Amino acid sequence: MRGAGGTARADSRAGNERSDANTMKAVVMAGGEGTRLRPMTANQPKPLLPVINRPIMEHVLRLLKRHGFDETVVTVQFLAALIRNYFGDGEELGMTLSYATEEMPLGTAGSVKNAQAALRDGRFLVISGDALTDIDLTDMVRFHKKNGALVTIGLKRVPNPLEFGIIIVDDEGRIQRFLEKPTWGQVFSDTVNTGIYVMEPEVLERVAEGESVDWSSDVFPKLLSEGAPLYGYVADCYWEDVGTHESYLKAQADMLSGRVDIEIDGFEVSPGVWVAEGADVDPEAVLKGPLYIGDYAKVEAGAELREYTVLGSNVVVKEGAFLHRAVVHDNVFVGPSTNLRGCVIGKNTDVMAGARVEEGAIIGDECVIEPEAYVSNGVKIYPFKTIEAGAVVNTSVIWESRGQRSLFGPRGVSGLINVEITPELAVRLTSAYATTLKKGATVITARDASRAARTLKRAVVSALTASAINAADLEACPLPVARFETAREDCVGGIVIRTTPGDPQGVDIMFLDENGADLSLAAQRKLERVFGRQEYRRAFPGEIAELSYPARTIETYTRDLLRRVDMSGVREAELKIVLDCAGGTTALVLPTLLGKVGVEVLTMNNRLDEANPTETLAERMRDLQRLGELVSSSRAAFGVRFDPVGERISLVNENGELISDDRALLVVLDLVAAERRGGRVALPVTTTRVAEQVSRFHGVRVEWTSTSQDVLTKTAAAPDIIFAADGRGGFVLPEFSSTVDGIAAFIRLVGLVARTRLTLSQIDERIPEAHLLRRSVPTPWAAKGSVMRHVVEAAGDRTIDTTDGVRVVEEDGRWALVLPDPSEAVTHLWAEGPDRDSAQALLEEWAAVVERAGS
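First, a word on what this report is: a plain description of the structure on this page. (Residues numbered from 1 in each chain as written. Predicted model: local features only at pLDDT ≥ 70, side-chain atom pairs only at ≥ 80, totals over all residues. Heavy atoms only, no water.)

1. Describing the overall build of the protein
Per the secondary structure count, the protein includes 22 helices and 58 strands. The C-alpha extent of the protein, read off along each of the three principal axes, is 115 × 60 × 50 Å. Split into buried and exposed, the 855 residues of the protein put 56% on the buried side. Restricting the contact set of the protein to residue pairs at least 6 apart, pairs at least 24 apart contribute 59%. Seen as two clouds, the 94 positive and the 122 negative side-chain charges of the protein have centres 4 Å apart. (Helix = DSSP H or I, 4+ residues; strand = E, 2+ residues; numbered from the N terminus. Buried < 20%, exposed > 50% of the residue type's maximum accessible area, 1.4 Å probe, protein only. Contact = heavy atoms within 4.5 Å. Lys, Arg positive; Asp, Glu negative; His and termini not counted. Charge placed at Lys NZ, Arg CZ, Asp CG, Glu CD.)

Structure representation (structure tokens):
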């Protein structure tokens, strides 16, 4: 080994032998994509991967220079411009470089043929630009000339020859037989082809121009069969084909251990500890070599670098960080108390405080690993990804934009179809869910009208039955029907798959408990723990469970709904109503339901639309406008638009005017409270306090809940709760179900309007106007706790309500609520006052508090 602080090994060949190489040119093969090395090679070619802070190909070029090969042709194809830009004309290396570009992959022989014009019809050497070696090229050329060979192949004995071409030579070195990438049954030697060749120019006559031709499988077998003088030079040298992540780490360790006679750019400040120019290493840092610290890197006090760690240029390692066998590329920030073991960190990546990256994990370029994130063994994070704070990542992040801190969001497990949510993920997720249940239990499965949901549900059913859980499949049906059937039957839970509201490219996998409600936070965490450990239960052959299709579920749902909801006075009122099914599964229920209600109905989009299973905001507003026009022109009492799964509704009054979700809550609340005259209603803390005025007027009390759907449904199950709503078009009718149900809300509204004899606009007009404003402020995950502490401190002596988040109540009744988002790096704020200006001022005040604390 040689270094700026070490001694060079004396050359073993005489000057006249080395001068022979000066008349030869070399060809460096640098066109490979390195697919097995992704994500390291996702945006850079394999020859540019650094080994001890220099590209592999630079080590190869320096080897050529040492042996007198001053003129070199580089064959390039994949990301060719990056290689040309890095090495240029070779002047910095004291060489002359030219480039032969392949428009299409031409194979190992075809690419050399493509460079023939630059070889000037002389003897030449071919070497791979992505293999690390210290082979004695001078001696190999001498061997070639001595034997009068047409081709001399560099050979090396390796313990596992399966991935290489095997070659047998006689006592004189002449090749007798070879086989490309054999099986163990075909292994007849441990001597393999290194891809290093000395060749006479006439060999290129055997290579067709412009075609894909390979030396080992096409050219050499034909030459051998013709009796051409092919020789094998068995080298006593180091050679590592850097083709896998394991071999990449091994090459780094071998160089640091002195097994490779290649120059290391730096000073050996203590045995095995190499430090490059400009590096700043604190004396209190712990260094246990062999290891390498690149130029202008900084290692702070309290950091610990253990054996075979390599730091690139400008890397910063903060206090308390621990690195062992970690290869860290240029311009990486390694935060305090991080732990990196046996991994590779791509350039320009930030690994924040407390993050942990385990054995075999590969982090691509320009990623962000946020605080306390955990990247498991063997996981690959592709370039430009963000792993959220606290996330536990057990599977590779390839197409996704980020690795999330938790599986569950506000709509279950959500993501892009066939990108973040794939059939493979659905199987693993369902297997984890099944593992939390007793064998032989039954789970309801259902979906919306989309093809994606149908595909994923099949994966879900397979995973359930393979885990000894019976699946009762409702196929396509409204979400409220699935919830109802889960609660009614002897089931332990349910899985419903639907298209993400407003995003046709997204899908949600929703898990239900035995009551048909969303899984509680505790149950979600239990599922996440099993999923994170990947310890899934499998059924024995005799335990494989059954798939069934429950009969008459729509009829049962309809019968129970009409039996439990007060429909008196409906037929006498002779109402006309306009309904929009939005092309969703509500269309499966309405024909059976409306025939028994006794109202005149006009319907829109009353069909299953597989191609458009959800709607964008623009499409929703367009259809609501059409609904309003139809309501006013037909002189209907009101109009209702269901969401595609029948869970939520939007209201249009008799004038064709849209009633906002906030006002719709107040209108329905007023109708229910006026009729019941007692009891409690459950509303989230984000609801306007006008709801309290309406309830109090009718002798009803408000039970404020958190914004969690799980908490709202649990509260709605209490005996004296007469109504619940979430302010987003979701209504709960406790007399029928404790879960959100748009179909039941519509039926209840029909009865209320029929009996009150008032129009929706009249009811809306008698309710005071609300001035409730909302804003979202970006907040890093790591700062959320600090933000909430600052909010409490800023509240001072004012009244604080911590039902969900922190609600600060002013003396004059104005209030502001600060609530961290559970799944996004933002904090939500609400503010309400007697008028818009006072609410806006209050919102600005608390937004400033959050922004200061989160900066």
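Back to the write-up after that little detour.
2. A short note on the sheet that holds strand S58 (residues 826-832)
Taking strand neighbours across the sheet as the criterion, the five strands line up as S54-S58-S57-S56-S55 in an open arrangement whose pairing is antiparallel. Each of the sheet's edge strands pairs with one partner strand only, and the pair in question is strand S54 (772-778) and strand S55 (799-801). Between one strand axis and the next, the sheet turns by 20° as a mean value, whatever way the strands run. In this structure, S54 lies alongside S58, joined through seven bridges in antiparallel fashion. The residue of S58 that forms the bridge with Leu772 is Glu832. (Pairing = 2+ DSSP bridges. Axes fitted to C-alpha atoms, helices over the stretch in contact; angles between N-to-C directions.)

3. Some words on the sheet that holds strand S19 (residues 286-287)
If you walk across this open sheet you meet the seven strands as S19-S22-S25-S28-S31-S34-S37, and the pairing is parallel. Pairing within the sheet leaves two strands with one partner each, and these edge strands are S19 and strand S37 (392-393). In this structure, strand S28 (residues 339-341) lies alongside strand S31 (residues 356-357), joined through two bridges in parallel fashion. Along S31, the bridge assignment pairs Leu340 with Val357.

4. Details of a nonpolar patch on the surface
Taken together, Leu617, Met621 and Leu658 make up a surface patch of nonpolar side chains, about 280 Å² in accessible area. Judged by relative accessible area, which is 37%, Met621 ranks as partly exposed. (Patch = residues over 30% accessible without salt bridge, like charges linked within 9 Å, V, L, I, M, F, W, Y side chains within 5 Å. Areas by Shrake-Rupley, 256 points an atom, 1.4 Å probe, with all protein chains shown as cover. Salt bridge = Lys/Arg side-chain N within 4 Å of Asp/Glu carboxyl O.)

5. Comments concerning the pattern of salt bridges
Summed over the entire model, instances satisfying the criterion amount to 55 salt bridges. In this structure, Arg728 engages Asp726 in a salt bridge whose closest nitrogen and oxygen atoms are separated by 3.5 Å. Given the relative accessible area of 9%, Asp726 is considered buried.

6. Describing the packing of aromatic side chains
This structure, assessed with the given rule, holds 13 aromatic pairs. Between Trp215 and Phe220, the aromatic rings sit 5.7 Å apart at their centres with planes inclined by 15°, giving stacked as the arrangement. Accessibility classification places Trp215 together with Phe220 in one group, the buried group. Through successive ring pairs, a cluster of aromatic residues spans Phe143, Tyr231 and Tyr233. (Phe/Tyr/Trp six-rings, centres within 6.5 Å; stacked < 30°, edge-to-face > 60°.)

7. What to know about unusual backbone geometry
The omega angle of the peptide bond from Arg38 to Pro39 is 10°, so this bond is cis rather than trans. Here Pro39 shows up in the loop between strand S2 (25-30) and strand S3 (50-51). Cis peptide bonds are those with omega within 30 degrees of zero, and the linkage from Gly289 to Pro290 qualifies with 5°. With respect to the helices, strands and loops of the structure, Pro290 is situated in the loop between S19 and strand S20 (291-293).

8. Some thoughts on the packing of helix H8 (residues 423-435) against helix H11 (residues 521-533)
Two elements in contact, H8 and H11, have axes separated by 8 Å at closest approach and are oriented at 120°. If you check the angle between H8 and H11, you find them oblique. By crossing handedness, the relation of H8 to H11 is classed as right-handed. For the pair H8 and H11, contact is made by Leu425, Arg428, Leu429, Ala432, Tyr433 and Thr435 and by Leu527, Val530 and Phe531, respectively. Counted by class, the contact of H8 with H11 contains seven nonpolar, one polar and one charged residues. (Parallel < 35°, antiparallel > 145°, perpendicular 65-115°, else oblique. Left-handed = near helix turned anticlockwise from the far one by under 90°. Nonpolar A, V, L, I, M, F, W, Y, C, P; charged D, E, K, R; others polar.)

9. Topic: helix H4 (residues 107-114)
Of the residues making up H4, those classed as buried are Ala109, Gly110, Ser111, Val112 and Lys113. At its buried positions, H4 is contacted by S2, strand S5 (71-76), strand S7 (124-128) and helix H6 (215-225).

10. Notes on the side chain of Arg680
Within the secondary structure layout, Arg680 lies in strand S50 (residues 680-684). Overall, Arg680 belongs to the buried group, its relative accessible area being 15%. A distance of 2.8 Å separates polar atoms of two side chains, one belonging to Arg680 and the other to Asp720. Excluding residues within four positions of it along the chain, Arg680 makes contact with Val700, Arg701, Glu703, Ala718, Asp720, Ile721, Ile722 and Phe723. (Polar contact = N/O pair within 3.5 Å; in protein donor to acceptor, adjacent residues only side chain to side chain.)

11. Considering the environment of Phe408
Note that Phe408 resides in the loop between strand S38 (402-403) and strand S39 (413-416). Phe408 sits in the buried class, given a relative accessible area of 8%. Along the primary structure Phe408 and Ser247 are separated by 161 residues, whereas in three dimensions their C-alpha atoms are 37 Å apart. Sequence-distant contacts of Phe408, defined by excluding residues within four places in its chain, comprise Val413, Phe511, Leu519, Gln524, Leu527 and Glu528.

12. Description of the side chain of Asp508
Tracing the chain through its elements places Asp508 in strand S43 (residues 506-512). Given a relative accessible area of 0%, Asp508 falls into the buried group. Separated by 2.8 Å, the side chains of Asp508 and Ser414 make a polar contact. If we skip the residues at most four places from it in the chain, Asp508 touches Arg411, Val413, Ser414, Val496, Ile497, Arg498, Thr499, Thr500 and Pro501.

13. Some thoughts on the pairing of strand S41 (residues 470-476)
In the case of a regular strand, side chains alternate between the two sheet surfaces. When you tally the buried positions in S41, you get five out of seven residues, the bulk of the element. Handedness of the β-α-β unit built from strand S40 (residues 442-447), helix H9 (residues 451-466) and S41 comes out right-handed. Where S41 lies against strand S44 (residues 547-548), two bridges are found, and the strand directions are parallel. Bridged to Ala471 within S44 is Leu547. (Right-handed = clockwise from strand over helix to strand, strands pointing away.)

14. Some details on the environment of Ile175
Looking at the element boundaries, Ile175 is found in strand S11 (residues 175-180). Taking the C-alpha atoms as reference, Ile175 lies 8.1 Å from Pro229; in sequence the two are 54 residues apart. In this view, Ile175 contacts Ile153, Ile167, Ile168, Val169, Leu224, Leu230, Tyr231 and Gly232; residues no more than four positions away in its chain are not counted.

None of the figures reported here should be taken as evidence of function without further support.
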